[in-house]
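# Close look at the chain arrangement
One-letter residues, chain by chain:
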Amino acid sequence: MFQGRYGNDQLNRGLLFAGLGFTLLSWILPRNSVIRSLFYLMSLVLYGLAIFRMFSRSFGKRSAENAKFMAVWSRARAKWQSWRSHGPRAKTARKTPTFEERRKYKYFICTQCAQRLRVPRGKGKIMITCTRCGNKFQMKS
C-alpha cells in the first residue's frame, strides 16, 4: 500500500499528536461554541496534512520538511532540558547516580527527612550528618 509513498516520520507523529490534542480540547469545551468548532476544524486540518504527507510521492520535499521540523524540535527540547536542569525545581529533582559515582561514593537515606546523602567509600564507620534536617547517624562507608 505504501509502495512508492513517503510514509510516516517524526513530523507526521507530531501532527497526529497535535491533532489529537485539539480534538480533546474540542471535546472539553462547551457545545455550540465558536472556539470548539475552531479547535475541531484545526484537528481535521492537522489530520489531513499528516495523511497527505504519508501518501506523498515527493520524498525530497517531505524529507526537507521533516529535517526543518527536527531542527526546531531539537532546539526547543534543548531549551526545555536547560530550563529543567537550571529552573526553580532543579534542586529538588532527584538525579540517579552514574556508575562512576556509585564506585566512588556510598549513598544513604536520612531516617527523618528521606534526604539522599552521599559519602566517600572506604572510610570505615563514620558519623553522617543530614544536610537538610541535621539528623546524625553512624554508618559504615
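Right above here is the structure, for reference.
We now turn to the structure provided with this report. Worth saying up front: this structure is predicted, and the values here are computed from it rather than measured.

## Remarks on helix α2 (residues 34-55)
For α2, which comprises 22 residues, the first-to-last C-alpha distance of 32 Å matches the rise-based estimate of 32 Å (1.5 Å per residue) to within 8%. Three or more residues of α2 are buried, namely S43, L46, A50, R53 and M54. In an axial view of α2, the angular spread of the buried residues amounts to 105°, which keeps them on one side of the axis. Away from its buried face, by an angle of more than 90 degrees, α2 presents the exposed residues V34, L38 and F52.

## Things to note about helix α1 (residues 10-28)
For α1, built from 19 residues, the straight-helix expectation of 27 Å at 1.5 Å per residue is met to within 8% by its first-to-last C-alpha distance of 27 Å. Along α1, the residues classified as buried are L11, N12, L15, G19, T23 and S26. For α1, the arc enclosing every buried residue in end-on projection is 115°, short of the 170-degree limit, so these residues lie on one face. Residues of α1 that are exposed and angled more than 90 degrees away from the buried face: F17 and I28.

## A word on the side chain of D9
Topologically, D9 is positioned in the segment before α1. By relative accessible area, D9 is classed as buried at 6%. Only 3.0 Å separates the side chain of D9 from the backbone nitrogen of N12, close enough to count as a polar contact. Within the structure, the side chain of D9 is placed 3.0 Å from the side chain of R53, a separation counted as a polar contact. Not counting residues up to four positions away in its chain, the partners in contact with D9 are R53, R62 and N66.

Rules used in this analysis
Each chain has its residues counted from 1, running along the sequence as written. Local features in this predicted model are restricted to residues whose pLDDT is 70 or higher, and side-chain atom pairs enter the listing and the counts only when it is 80 or higher, whereas totals over whole chains, interfaces and linings include all residues. Hydrogens and water are ignored here; the side-chain numbers use all heavy atoms of the structure. Note on conventions: DSSP H or I runs of at least 4 residues are helices, E runs of at least 2 residues are strands, and numbering of each starts at the N terminus. One less than the number of residues in a helix, times 1.5 Å, gives the span that helix is expected to have. Relative accessibility thresholds used throughout: buried, under 20% of the residue-type maximum; exposed, over 50%; partly exposed, between the two (1.4 Å probe, protein chains only). This arc is built from the directions going out from the helix axis to the C-beta atoms. Two N or O atoms count as a polar contact when they lie within 3.5 Å, although within protein this holds only if one can serve as hydrogen donor and the other as acceptor, and sequence-adjacent residues are included solely when both atoms are side-chain atoms. Only heavy atoms enter the contact rule, under which two residues are in contact if any of them lie within 4.5 Å.

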